[in-house]
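Architecture at a glance
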Amino acid sequence: LQDALGGGTRKLHLTVAGGSFTLGAANTFSGDTRLAGGTLSLTHTSAVQNSTLDLRFEDTGTLSFSNLTAATMGSIKGERNLALTNANGAPVTLTLGNNFTGTNTFYGAFTGSGSVIKTNSGLLILAGVVIVIVATGGSALLLLLKLGKGLIFLAIPLWFLVKSAIASLLSL
(Lines give C-alpha, C1' and ligand atoms only; values in the text may rest on other atoms or scores of the structure.)
Protein backbone atom coordinates (compact mmCIF):
# COMPACT_ATOMS: atom_id res chain seq x y z
CA LEU A 1 0.00 0.00 0.00
CA GLN A 2 1.26 3.45 -0.82
CA ASP A 3 0.05 7.01 -0.27
CA ALA A 4 -0.26 8.65 -3.65
CA LEU A 5 -1.87 7.14 -6.70
CA GLY A 6 -0.73 8.60 -9.98
CA GLY A 7 1.77 11.01 -8.45
CA GLY A 8 -0.67 12.74 -6.06
CA THR A 9 0.08 13.77 -2.48
CA ARG A 10 -2.90 12.36 -0.59
CA LYS A 11 -2.34 9.99 2.34
CA LEU A 12 -3.89 6.55 2.42
CA HIS A 13 -5.66 5.74 5.71
CA LEU A 14 -6.40 2.15 6.68
CA THR A 15 -9.44 1.35 8.82
CA VAL A 16 -10.11 -2.23 9.87
CA ALA A 17 -13.80 -2.31 10.78
CA GLY A 18 -14.40 -6.04 11.20
CA GLY A 19 -13.15 -9.48 10.30
CA SER A 20 -9.46 -10.17 9.76
CA PHE A 21 -7.04 -8.21 7.61
CA THR A 22 -3.39 -9.20 7.11
CA LEU A 23 -0.54 -6.98 5.95
CA GLY A 24 2.25 -9.28 4.80
CA ALA A 25 4.59 -6.96 2.90
CA ALA A 26 6.45 -3.68 3.44
CA ASN A 27 4.09 -0.77 2.82
CA THR A 28 4.82 2.94 2.47
CA PHE A 29 1.45 4.56 3.22
CA SER A 30 1.67 7.23 5.93
CA GLY A 31 -1.93 7.83 6.91
CA ASP A 32 -3.40 6.53 10.16
CA THR A 33 -4.16 2.86 10.77
CA ARG A 34 -7.37 2.64 12.80
CA LEU A 35 -8.61 -0.55 14.46
CA ALA A 36 -12.35 0.13 14.65
CA GLY A 37 -13.19 -3.58 14.88
CA GLY A 38 -11.84 -6.96 13.87
CA THR A 39 -8.16 -7.89 13.79
CA LEU A 40 -5.25 -6.47 11.85
CA SER A 41 -2.43 -9.03 11.60
CA LEU A 42 1.07 -7.88 10.76
CA THR A 43 3.30 -10.52 9.21
CA HIS A 44 6.04 -8.17 7.96
CA THR A 45 8.13 -5.89 10.21
CA SER A 46 7.55 -2.91 7.88
CA ALA A 47 3.86 -3.49 7.15
CA VAL A 48 2.89 -0.16 8.77
CA GLN A 49 6.34 1.43 8.89
CA ASN A 50 5.18 5.01 8.15
CA SER A 51 1.65 4.83 9.55
CA THR A 52 0.38 6.09 12.90
CA LEU A 53 -1.52 3.45 14.86
CA ASP A 54 -4.76 5.07 16.08
CA LEU A 55 -6.10 3.27 19.17
CA ARG A 56 -9.30 5.23 19.86
CA PHE A 57 -11.21 4.58 23.06
CA GLU A 58 -14.47 3.73 21.29
CA ASP A 59 -12.90 1.17 18.95
CA THR A 60 -12.70 -2.57 19.64
CA GLY A 61 -10.28 -3.81 16.97
CA THR A 62 -7.06 -5.60 17.87
CA LEU A 63 -3.55 -5.67 16.48
CA SER A 64 -1.77 -8.99 16.14
CA PHE A 65 1.99 -9.11 15.62
CA SER A 66 1.54 -12.73 14.42
CA ASN A 67 4.99 -14.38 14.77
CA LEU A 68 6.96 -11.11 14.57
CA THR A 69 9.41 -10.18 17.32
CA ALA A 70 9.94 -6.67 15.93
CA ALA A 71 7.83 -4.13 14.05
CA THR A 72 8.17 -0.52 12.91
CA MET A 73 5.45 2.15 12.89
CA GLY A 74 5.35 5.85 12.15
CA SER A 75 3.82 6.66 15.54
CA ILE A 76 1.01 5.78 17.95
CA LYS A 77 -1.90 7.75 19.40
CA GLY A 78 -5.16 7.12 21.22
CA GLU A 79 -6.38 5.84 24.55
CA ARG A 80 -6.28 2.03 24.41
CA ASN A 81 -3.42 -0.22 25.51
CA LEU A 82 -1.12 -2.05 23.09
CA ALA A 83 0.18 -5.52 23.96
CA LEU A 84 3.81 -5.96 22.92
CA THR A 85 3.70 -9.73 22.62
CA ASN A 86 3.22 -11.85 19.52
CA ALA A 87 0.83 -14.75 18.90
CA ASN A 88 3.30 -17.15 20.57
CA GLY A 89 3.65 -14.97 23.68
CA ALA A 90 7.16 -13.79 22.73
CA PRO A 91 8.14 -10.14 23.33
CA VAL A 92 7.86 -7.66 20.46
CA THR A 93 10.24 -4.73 20.04
CA LEU A 94 8.24 -1.84 18.58
CA THR A 95 10.14 0.97 16.84
CA LEU A 96 8.16 4.22 16.68
CA GLY A 97 9.00 7.40 14.78
CA ASN A 98 9.88 6.07 11.35
CA ASN A 99 9.28 8.90 8.85
CA PHE A 100 7.22 10.80 11.48
CA THR A 101 8.10 14.38 12.45
CA GLY A 102 4.81 15.56 13.99
CA THR A 103 3.37 15.26 17.51
CA ASN A 104 1.14 12.49 18.86
CA THR A 105 -0.23 11.71 22.32
CA PHE A 106 -0.68 8.14 23.53
CA TYR A 107 -2.84 7.78 26.67
CA GLY A 108 -2.73 3.99 26.74
CA ALA A 109 -0.02 1.73 28.07
CA PHE A 110 2.37 -0.69 26.46
CA THR A 111 1.63 -4.05 28.06
CA GLY A 112 3.34 -7.42 27.84
CA SER A 113 7.04 -8.20 27.87
CA GLY A 114 8.09 -6.23 24.77
CA SER A 115 9.90 -2.93 24.45
CA VAL A 116 9.62 0.39 22.59
CA ILE A 117 12.33 2.25 20.70
CA LYS A 118 11.65 5.89 19.72
CA THR A 119 13.46 7.24 16.64
CA ASN A 120 13.35 10.35 14.46
CA SER A 121 12.56 13.93 15.44
CA GLY A 122 8.81 13.57 16.04
CA LEU A 123 7.39 14.21 19.51
CA LEU A 124 5.58 11.35 21.24
CA ILE A 125 3.71 12.28 24.42
CA LEU A 126 3.13 9.22 26.62
CA ALA A 127 0.38 10.52 28.88
CA GLY A 128 -0.76 7.14 30.22
CA VAL A 129 2.63 6.05 31.52
CA VAL A 130 3.19 6.17 35.27
CA ILE A 131 6.87 6.91 35.84
CA VAL A 132 7.92 9.32 38.56
CA ILE A 133 11.38 10.74 38.07
CA VAL A 134 11.22 14.54 38.20
CA ALA A 135 8.73 16.62 40.21
CA THR A 136 8.16 20.20 39.09
CA GLY A 137 6.47 23.01 40.98
CA GLY A 138 3.65 23.06 38.43
CA SER A 139 0.53 20.98 38.10
CA ALA A 140 2.18 17.91 36.64
CA LEU A 141 5.17 15.64 36.97
CA LEU A 142 7.36 15.94 33.93
CA LEU A 143 10.03 13.75 32.42
CA LEU A 144 11.94 14.43 29.24
CA LEU A 145 13.82 11.53 27.69
CA LYS A 146 16.23 11.86 24.82
CA LEU A 147 16.27 8.59 22.89
CA GLY A 148 18.26 8.46 19.69
CA LYS A 149 17.22 11.44 17.56
CA GLY A 150 13.73 11.65 19.08
CA LEU A 151 12.33 13.22 22.20
CA ILE A 152 9.76 11.56 24.43
CA PHE A 153 7.82 13.80 26.79
CA LEU A 154 5.99 12.14 29.66
CA ALA A 155 3.27 14.09 31.46
CA ILE A 156 1.79 12.66 34.64
CA PRO A 157 -1.18 14.52 36.18
CA LEU A 158 -0.96 16.07 39.64
CA TRP A 159 -3.54 13.60 41.02
CA PHE A 160 -0.90 10.85 40.73
CA LEU A 161 1.44 12.85 42.97
CA VAL A 162 -1.34 13.40 45.50
CA LYS A 163 -2.36 9.72 45.37
CA SER A 164 1.27 8.66 45.89
CA ALA A 165 1.72 11.07 48.81
CA ILE A 166 -1.43 9.77 50.52
CA ALA A 167 -0.33 6.15 49.97
CA SER A 168 3.08 6.98 51.52
CA LEU A 169 1.46 8.59 54.57
CA LEU A 170 -0.87 5.63 55.10
CA SER A 171 2.03 3.18 55.01
CA LEU A 172 3.91 4.97 57.86
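1. Describing the overall build of the chain
Within the chain, the secondary structure is distributed over one helix and 13 strands. In the chain, the succession of helices and strands from N to C terminus is β-β-β-β-β-β-β-β-β-β-β-β-β-α. The long-range share in the chain, meaning contacts at least 24 apart out of those at least 6 apart in sequence, stands at 37%. Of the roughly 8900 Å² of accessible surface on the chain, 59% is carried by carbon and sulfur atoms.

2. Topic: the pairing of strand 5 (residues 70–78)
Burial runs high along strand 5: seven of the nine residues are buried. Alignment of strand 3 (residues 48–55) against strand 5, held across five bridges, turns out to be parallel. Bridge pairing in strand 5 links Leu55 to Gly78. Of the strand pairs in this sheet, strand 5 and strand 7 (residues 93–96) are connected by four bridges, and their pairing is parallel. Paired with Ala70 across the strands is Thr93, a residue of strand 7.

3. Quick word on the pattern of salt bridges
On inspection of all chains with the given rule, the structure shows four salt bridges. A salt bridge links Arg34 to Asp59; the nearest nitrogen and oxygen atoms lie 2.8 Å apart. Of this pair, Arg34 sits in strand 2 (residues 32–42) while Asp59 sits in the loop between strand 3 and strand 4 (62–64), placing them 25 residues apart in sequence. With a relative accessible area of 6%, Asp59 lands in the buried category. Via salt bridges that share partners, Arg34, Glu58 and Asp59 belong to a single interconnected network.

Cut-offs applied
Residues numbered from 1 in each chain as written. Predicted model: local features only at pLDDT ≥ 70, side-chain atom pairs only at ≥ 80, totals over all residues. Heavy atoms only, no water. Helix = DSSP H or I, 4+ residues; strand = E, 2+ residues; numbered from the N terminus. Contact = heavy atoms within 4.5 Å. Areas by Shrake-Rupley, 256 points an atom, 1.4 Å probe, with all protein chains shown as cover. Buried < 20%, exposed > 50% of the residue type's maximum accessible area, 1.4 Å probe, protein only. Pairing = 2+ DSSP bridges. Salt bridge = Lys/Arg side-chain N within 4 Å of Asp/Glu carboxyl O.

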